[in-house]
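Descriptive analysis of the structure
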Amino acid sequence: MVKLILMTDFTEKYANSLLKGILAYSHQTEPWVVCRMPPSFRKTNGIEGVVEWAIQWQADAIIAQFEPQDEVSLFRKKGIIAIAQDYKQRFSDIPNITGDYIAAGRKVAEFFYIKGYSDFAYYGYENVVWSDERGQGFREGLMENGVDAIHIHEFRKQSLDDLWYYESQPLKEWLAALPKPVAVFACDDTRANKIIELCSTMSLRVPIDVAVIGVDNDDIICQLSCPELSSMSLDVEKAGYETAELIMRMREDKRQKPYDIIVHDTGIVERTSTDFFATRNPNVLKALSYIHMNISHPMSVSDVVEQVPVSRRLLEQEFREETSTSIYEYISRLRMNKLAQLLLTVDEPIEALAMRIGLTDSKNLSRQFKAYKGMTPLEYKKRYRI
């Protein structure tokens, strides 16, 4: 029997997904006993108190949101395996559950850039590795696409010590000063939710004036946001499984070299907070509004053209100039992205999901989906659904 201490914030989806992965591994091997220790225990008793409790409980391992100053070597001296869940900084002497945060930032940059935005902003924590690197990747990705640094804005004055707290006035002033429309990338869903909350008090329209995306795809936070929050989804459960596997290897073989566990993203789940394309062309704006409002109904290019007081040829030309794609292609891509989201969140047959995205004929759906995602709907669901 493996005895594990998991010292993390269980109010967030990340910690619970991590635990699910650990339990999935334990169900295939041997029973694990898990103590869910709140981080407040360390604040009250210090890292020495955590070590003392772990010894008394006869713990085999601990996974924790350690502070940079924590003397984590104390666990190894007592024969306890210690693994750091990325909190403020990575550790060099114990394994980390971490991620390629720079790559994630680049993906969000590409996501927003393709949507036609000219101005971008990043909202993150202060002196936190995963926040800093997501912001770095976001900036690098935009600049590689030719965006000038003067069009990339940042706000990093939030401490990680009080996740729930933020000073609204400085953030309001920053939001008010940003050029509009603007695409805002927040380092996590909690910060993204605050942006949307403040926009509603400032009469800023989301996503027309301010498009917002977060990270973690925490269903509760995303649905609490109004409009609902788009977010980058992370395969934390798989990382939990791999972490449990590493603990078992280190427990059974003292010569096993520790290594970091990398949490990979599974793509951006787009909801209403980014469900738009930035353009100042009134004809294209009207066409886009109609497409997004009616994507769940059968729709043709002719239906879109009827909404705009210009010829089909002119609208097609202006639409391609603004979005770098045709009206037909835009509708198809939007539908496939919607289907990808439904596959991961709704338990219904493929035919029923096709109806939800305005496709009455589902015969060619698998082929169309594979053209955009590189796999069939069933393959996509099997690979990414938790």
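For every chain, the first residue of the written sequence is number 1, and numbering continues from 1 along that sequence. The predicted nature of this model means local features are confined to residues of pLDDT at least 70 and side-chain atom pairs, given and counted, to a pLDDT of 80 or more, with totals for whole chains, interfaces and linings taken over all residues. Neither water nor hydrogens contribute to the side-chain values; these are computed over all heavy atoms in the structure.

1. What about the environment of Tyr372?
The helix and strand labels rest on DSSP assignments: H or I over at least four residues marks a helix, E over at least two residues marks a strand, and numbering proceeds from the N terminus. Among the structural elements, Tyr372 can be located in helix α15 (residues 365–373). A simple rule labels every residue: compare its accessible area, found with a 1.4 Å probe on the protein chains alone, to the largest value its type can have, and call it buried under 20%, exposed over 50%, or partly exposed in between. Under the relative-accessibility criterion, Tyr372 is labelled partly exposed at 29%. Between the C-alpha atom of Tyr372 and that of Val263, which follows or precedes it by 109 residues, the distance is 24 Å. Residues count as neighbours in contact if any of their non-hydrogen atoms are within 4.5 Å of one another. Here Tyr372 is in contact with Glu329, Ser332, Arg333 and Met336, once residues within four sequence places are set aside.

2. Focus: unusual backbone geometry
Cis geometry is adopted by the peptide bond preceding Pro181, which originates at Lys180 and carries an omega value of 0°. Turning to its location among the elements, Pro181 is positioned in the loop between α6 (168–177) and β8 (182–186). Put simply, Cys226 and Pro227 share a cis peptide bond, and its omega is 5°. Residue placement: Pro227 occurs in the loop between α8 (219–224) and β10 (230–234). If you check the backbone angles, Asn217 has positive phi at about 50° while not being a glycine.

3. A short note on the sheet that holds β8
Two strands form a pair only when DSSP identifies at least two bridges running between them. Strand order in this open sheet of 6 strands is β7-β6-β8-β9-β10-β12, and the pairing throughout is mixed. Each end of this open sheet is capped by a strand with a single partner; those strands are β7 (152–158) and β12 (265–269). When the angles between neighbouring strand axes are averaged without regard to direction, this sheet yields 15°. Note: β8 against strand β9 (residues 210–215), 4 bridges, orientation parallel. Counted as the bridge partner of Ala183 is Ala211 from β9. Between N-to-C directions, angles cover 0 to 180 degrees, with each direction set by a line fitted to C-alpha atoms, over the stretch in contact for helices. Contacts between α6 and the sheet are confined to β6 (120–125) and β7, with β7 contributing the most and set at about 180° to the helix.

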